[in-house]
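Observations on the three-dimensional arrangement
Read off the chains here:
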Amino acid sequence: MNTYVLLKRTFDTEETIQLSNGKINEEGAEFIINPYDEYAVEEAIQVRDVQGGEVTVVSVGNEEAEKQLRTALAMGADQAVLINSEEDIENGDQYTTAKIIAEYLKDKAADLIIAGNVAIDSGSGQVGPRVAEMLGIPAITTITNLEIDGSRVTVVRDIEGDSETIEASLPLLVTAQQGLNEPRYPSLPGIMKAKKKPLEELELDDIDLDEDDIEPKTKTIEVFLPPKKEAGKVLTGEMNEQVSELVQLLRSEAKVI
Amino acid sequence: MSRKILVLGEVRDGSLRNVSFEAMGAAKLAAGSGEVVGVLIGDAVQSLGNELIHYGADRVVTVEDKQLKHYTSDSFSQALLAVIDQENPAGIILGHTALGKDLAPRIASKLSSGLISDATAVEEAGGHLVFTRPIYSGKAFEKKVITDGLIFATVRPNNIAALEKDESRTGEISSLSVEIKDVRTIIKDVVRKATEGVDLSEAKVIVAGGRGVKGKEGFEPLKELAKVLGGAVGASRGACDADYCDYSLQIGQTGKVVTPDLYIACGISGAIQHLAGMSNSKVIVAINKDPEASIFQVADYGIVGDLFEVVPLLIEEFAAVKQ
Ligand SMILES: Cc1cc2nc3c(=O)[nH]c(=O)nc-3n(C[C@H](O)[C@H](O)[C@H](O)COP(=O)(O)OP(=O)(O)OC[C@H]3O[C@@H](n4cnc5c(N)ncnc54)[C@H](O)[C@@H]3O)c2cc1C
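Residues numbered from 1 in each chain as written. Chains lettered and ligands numbered in written order. Predicted model: local features only at pLDDT ≥ 70, side-chain atom pairs only at ≥ 80, totals over all residues. Heavy atoms only, no water.

Test applied: UniProt positions are given in the numbering used here, feature names are shortened, and annotations may be inferred rather than shown by experiment.
The name given to chain B in an unreviewed UniProt entry is Electron transfer flavoprotein subunit alpha/FixB family protein, with Bacillus aerolatus as the source organism. Database annotation for chain B, UniProt heading Sequence similarities (unreviewed entry): "Belongs to the ETF alpha-subunit/FixB family."

As recorded in an unreviewed UniProt entry, chain A goes by the name Electron transfer flavoprotein subunit beta, listed as coming from Bacillus aerolatus. The Subunit (unreviewed entry) comment attached to chain A in UniProt states, word for word, "Heterodimer of an alpha and a beta subunit." Within the UniProt record for chain A, the comment given under Sequence similarities (unreviewed entry) is "Belongs to the ETF beta-subunit/FixA family."

Put into structure tokens, the structure is as follows:
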């Protein structure tokens, strides 16, 4: 079983967001593996442990993403590939990323590709399905369970809280939803081993792409922070008075009831 | 501006979802003096055509087939691509729902088009259609335009105004027959969680419970409050994981993203993943016994106290003023 994981390095969930020069300020921010990609890494490792084969983790980004790829290797992935697009393209979009990944994967004979269902920074949820379409393989999004029996795959897909059991066959791309598994923490021996595992760095040239091929199809023209919410009103007094005041405020001030 | 825009009418349990009317609102703006064409895909959807027209479609194209009874990416892509092929539109707008999130990137990729996901606002500026969308779990926003391909977007429920329903509007409803073949994923089973009453992602009032409700029974007063307010009950991941309620009630990054007029958070700490799903609500009320809980940072009104004391009082008070 030849399993690939698509991984993005993202801002730590808890980071406060600040702007400088109209862009998100990354200075000093903590970065993590996008949480939904972490489920993807864990699932791929579990699949490999049963089915055999190798897990390759692929990330498109700059060299800083090496840290997150090493973490995935420490969790148990076998090898990692960092496709460094920084030199060639500044403002790529989901098309750009998907195109790079698909181009890299097209001759890899991947049996299973697992991605996160959404990245918590850009929040688009496009890359997984776009890659599948480019590779001409089916995709199933937001899955919470995966079982493989030969080339037959049974997944459970979360649809706004309802669930669907779906059958498909390999090759297949799935995107991970929370609930799929509990990602392991890298163990100390895992971290030691990860240092020696192969991590290949590629540039666009290496996969026969040039800037024109990955020209984004959307453009961000402005980034802004939501208007600062005024500190809310925390009510005081006897509880029944607070409750009456709240109901009055919701009617007369907020006018929502 | 004059552009032809397609809007996919999403059908659930035999009726159109509200977000499709909102998508229609966005499409009207995008179309300018151009035509808005509603698209209905399913096994028996013809009868819903007029409703799409009442909400702003100039005409409707339907694709009906037994294989379209349940959504699958392959079958719906084939149907929608056939309509796109026939209509040659300048843009497509649909809801940012489970269906929209799955289908739109597939189609965008197929057509080598840009796609703007999860838009909360749309405006025409300088000859471009500009979409606003939340990023970083709602901690920031970006304005985006399409630079290549279709004007293609999915819109977050409850953010963009639908047009007033006008039952005097009429338009042509035509059907397109599409041969659905080679569907590579087969649905074996669907488990629908019986969510009573109002659809969470479209509710105007939501009463949500977290781990602070302590148990299944703890949700009873919340349900009663929701009923008094004509709203829906939601929950945090904490409450779902603890099995106090079903995952279909989960609000947040992993669950539903909601934008009600009024969100009442009871015993929810306000983790960022939860805020990602509700911080855009128009008015937020927090009830939490911990004055330091982060939920108070996004709340418009807060009561520091025991929810089991506060919620029953609220039910009484609301019931009294509703009379
Ligand atoms: C990848 C990922 C995705 C996630 N997605 C989501 C998501 O979609 N939605 C989501 O909600 N979470 C999500 N989470 C989980 C999130 O981080 C929090 O763990 C979760 O929201 C906590 O739920 P809670 O607020 O109910 O529980 P807690 O954080 O335990 O808070 C309980 C609160 O109840 C208060 N309380 C207790 N008793 C009472 C009482 N009697 N009266 C009043 N107040 C009381 C306490 O003071 C406390 O503030 C996600 C996490 C990850 C890692």
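1. Notes on the overall build of chain B
Rule in force here: Helix and strand assignments come from DSSP, with helices taken as H or I runs of at least 4 residues and strands as E runs of at least 2, each series counted from the N terminus. Values of the radius of gyration come from C-alpha atoms, whereas the globule rule sets the reference at 2.2 Å times the count of residues to the power 0.38. The classification of residues rests on relative accessible area computed with a 1.4 Å probe and restricted to protein chains. Under 20% of the type maximum is buried, over 50% is exposed, and intermediate values are partly exposed. We call two residues in contact when some of their heavy atoms are within 4.5 Å. In these tables, accessible area is a Shrake-Rupley quantity obtained with a 1.4 Å probe, and a residue counts as shielded only by the protein chains included in the view.
In terms of helices and strands, chain B carries nine helices and 18 strands. The C-alpha atoms of chain B give 21 Å as radius of gyration, which agrees with the globular expectation for 323 residues (20 Å, within 12%). Per-residue burial over chain B gives 60% buried out of 323 residues. Of the contacts formed within chain B by residues at least 6 apart in sequence, a portion of 64% connects residues at least 24 apart. Accessible surface computed for chain B: about 12,100 Å², of which carbon and sulfur atoms make up 47%.

2. Regarding the domain arrangement of chain B
All names here are of chain B. Note the threshold: Where each domain begins and ends follows an automated or database-derived domain assignment. The quantity reported as buried area is the accessible area (1.4 Å probe) lost by two parts once they are put together, taken as the sum for both. Throughout this description, the term salt bridge denotes a Lys or Arg side-chain nitrogen within 4 Å of a carboxyl oxygen of Asp or Glu. Residue classes follow a fixed rule: Ala, Val, Leu, Ile, Met, Phe, Trp, Tyr, Cys and Pro count as nonpolar, while Asp, Glu, Lys and Arg count as charged, and any other residue, Gly among them, counts as polar.
Under the domain assignment, chain B is made up of domain 1 (5-175) and domain 2 (200-322). Computed over C-alpha atoms, the centres of domain 1 and domain 2 are 31 Å apart. On the domain 2 side, the residues contacting the 11 residues of domain 1 number 12 residues. Note on domain 1 versus domain 2: buried area summed over both sides is about 1,100 Å², and carbon and sulfur give 36% of it. Interface area lost by domain 1 to domain 2 is led by Ser137, Arg156 and Asn158, which between them contribute 53%. Connecting domain 1 to domain 2 are zero salt bridges. Residue classes in the side of domain 1 that touches domain 2 are distributed as three nonpolar, five polar and three charged.

3. A short note on the nonpolar core
Residues and elements named next belong to chain A. Rules: By nonpolar core is meant a set of buried Ala, Val, Leu, Ile, Met, Phe, Trp, Tyr and Cys residues that side-chain atoms within 4.5 Å join together.
Core analysis: the biggest nonpolar cluster contains 40 residues, and Val57, Leu112, Ile140, Leu146, Val155 and Val174 have the highest contact counts within it. Examining the composition of this core, we find that seven residues originate from one element, helix H1 (residues 35-51), more than from any other. If we skip the residues at most four places from it in the chain, valine 155 touches Ile140, Ile143, Asn145, Leu146, Glu164, Thr165, Ile166 and Val174.

4. What about the site of the ligand?
To be explicit about the condition: A single heavy atom is enough: if one lies within 4 Å of a molecule or strand, its residue is considered near that molecule or strand. Two N or O atoms count as a polar contact when they lie within 3.5 Å, although within protein this holds only if one can serve as hydrogen donor and the other as acceptor, and sequence-adjacent residues are included solely when both atoms are side-chain atoms.
Around the ligand sit 30 residues, and of these Arg211, Ser236, Ser269, Gln273 and Asn288 of chain B come closest. Mapping the residues near the ligand onto chains gives chains A and B. In the environment of the ligand, an oxygen atom lies 3.4 Å from a nitrogen or oxygen atom belonging to the backbone of glycine 255 of chain B. Taking leucine 307 of chain B, its main chain carries an N or O atom lying 2.9 Å from a nitrogen atom of the ligand. About the coverage of the ligand: the protein hides 81% of its 980 Å² of free accessible area. Breaking the shell around the ligand down by element, the ones donating at least two residues are H1 of chain A together with helix H6 (237-241), helix H7 (272-278) and helix H9 (307-322) of chain B. Ranked by residues supplied to the shell around the ligand, first place goes to H1 of chain A with three residues. Along the lines of polarity and charge, the residues of the shell around the ligand split into eight nonpolar, 16 polar and six charged.

5. A closer look at the interface of chain B and chain A
The following threshold applies: Two strands pair under a simple rule: DSSP has to find at least two bridges between them.
Contacts between the two partners involve 80 residues from chain B and, on the opposite side, 72 residues from chain A. A buried area of about 6,600 Å², summed over both sides, lies between chain B and chain A, and 55% of it is on carbon and sulfur atoms. The largest contributions to the chain B side of the interface with chain A come from Tyr136, Lys139 and Tyr301 of chain B, which together make up 12% of the buried area. Taken together, the connections running from chain B to chain A amount to eight salt bridges. A salt bridge links glutamate 160 of chain A to arginine 12 of chain B; the nearest nitrogen and oxygen atoms lie 3.3 Å apart. Inspection of the region where chain B meets chain A yields 47 residue pairs in polar contact (both at pLDDT 80 or more). Sort the elements by how many residues they give to the side of chain B that touches chain A and helix H4 (residues 98-110) of chain B lands first, with eight residues. Looking at the side of chain B that touches chain A, its residues break down into 35 nonpolar, 21 polar and 24 charged. Where strand E14 (residues 218-224) of chain A and strand E10 (residues 140-146) of chain B come together, six bridges link them in antiparallel fashion. Pairing of threonine 220 of chain A across the sheet is with lysine 144 of chain B, part of E10 of chain B.

6. Here's the deal with the sheet that holds strand E5 (residues 59-64) of chain B
Residues and elements named next belong to chain B. Stated formally: To obtain an axis, a line is fitted to C-alpha atoms, over the contacting stretch when the element is a helix, and the angle between two such axes runs from 0 to 180 degrees between their N-to-C directions.
One open sheet holds the seven strands; their spatial order is E7-E11-E6-E1-E4-E5-E12, and the pairing between them is parallel. Each of the sheet's edge strands pairs with one partner strand only, and the pair in question is strand E7 (116-119) and strand E12 (173-175). Adjacent strand axes in the sheet meet at a mean angle of 25°, parallel and antiparallel pairs treated alike. Strands in contact with helix H1 (residues 18-31) are strand E1 (5-9), strand E4 (36-42), strand E6 (91-95) and strand E11 (151-155); relative to E1, the strand with the most contacts, it is inclined by about 180°.

7. Quick notes on the UniProt feature "domain: Electron transfer flavoprotein alpha/beta-subunit N-terminal" (unreviewed entry) in chain A
Residues annotated by UniProt as "domain: Electron transfer flavoprotein alpha/beta-subunit N-terminal" (unreviewed entry) correspond here to residues 21-211 of chain A. The span residues 21-211 of chain A carries 29% helix and 32% strand; its end-to-end C-alpha distance comes to 25 Å.

8. Some remarks on the side chain of glutamate 103 of chain A
Position of glutamate 103 of chain A relative to the elements: it lies in helix H3 (residues 94-105). For glutamate 103 of chain A, the contacting residues outside a window of four places in its chain are Ile207 and Leu209 of chain A.

9. Concerning the packing of aromatic side chains
Any two aromatic rings considered together are summarised by their centre-to-centre distance and by the angle between their planes. The cut-off we apply is this: When two rings of Phe, Tyr or Trp (its six-membered ring) have centres within 6.5 Å they constitute a pair, described as stacked for plane angles under 30 degrees, edge-to-face for angles over 60, and tilted for the intermediate range. Consider the ring centre and the ring normal. A charge sits over the ring if Lys NZ or Arg CZ is within 6 Å of that centre and within 35 degrees of that normal.
With the rule as written, the count across this model stands at seven aromatic pairs over all chains. With 5.6 Å between their ring centres and 15° between their planes, phenylalanine 224 of chain A and phenylalanine 141 of chain B make a pair best called stacked. Placement of phenylalanine 224 of chain A in strand E14 and of phenylalanine 141 of chain B in strand E10 is noted, with the two residues assigned to different chains. Residue class for phenylalanine 224 of chain A comes out partly exposed when judged on its relative accessible area of 23%. Counting every residue linked through ring pairs, the aromatic cluster contains Phe11 and Phe31 of chain A together with Tyr136 of chain B. Stacked on the ring of tyrosine 104 of chain A, the Lys or Arg lysine 108 of chain A has its end atom at 4.2 Å from the ring centre. One Lys or Arg, lysine 217 of chain A, reaches over the ring of tyrosine 95 of chain A and ends 4.5 Å from the middle of that ring.

10. A look at the confidence of the model for chain B
Cut-off, in case you're wondering: Confidence scores labelled pLDDT are given residue by residue by the predictor and lie between 0 and 100.
Summary statistics for chain B give a mean pLDDT of 96 and a share of 99% for residues scoring 70 or more. The ipTM assigned to the predicted complex is 0.96, against a pTM of 0.96.

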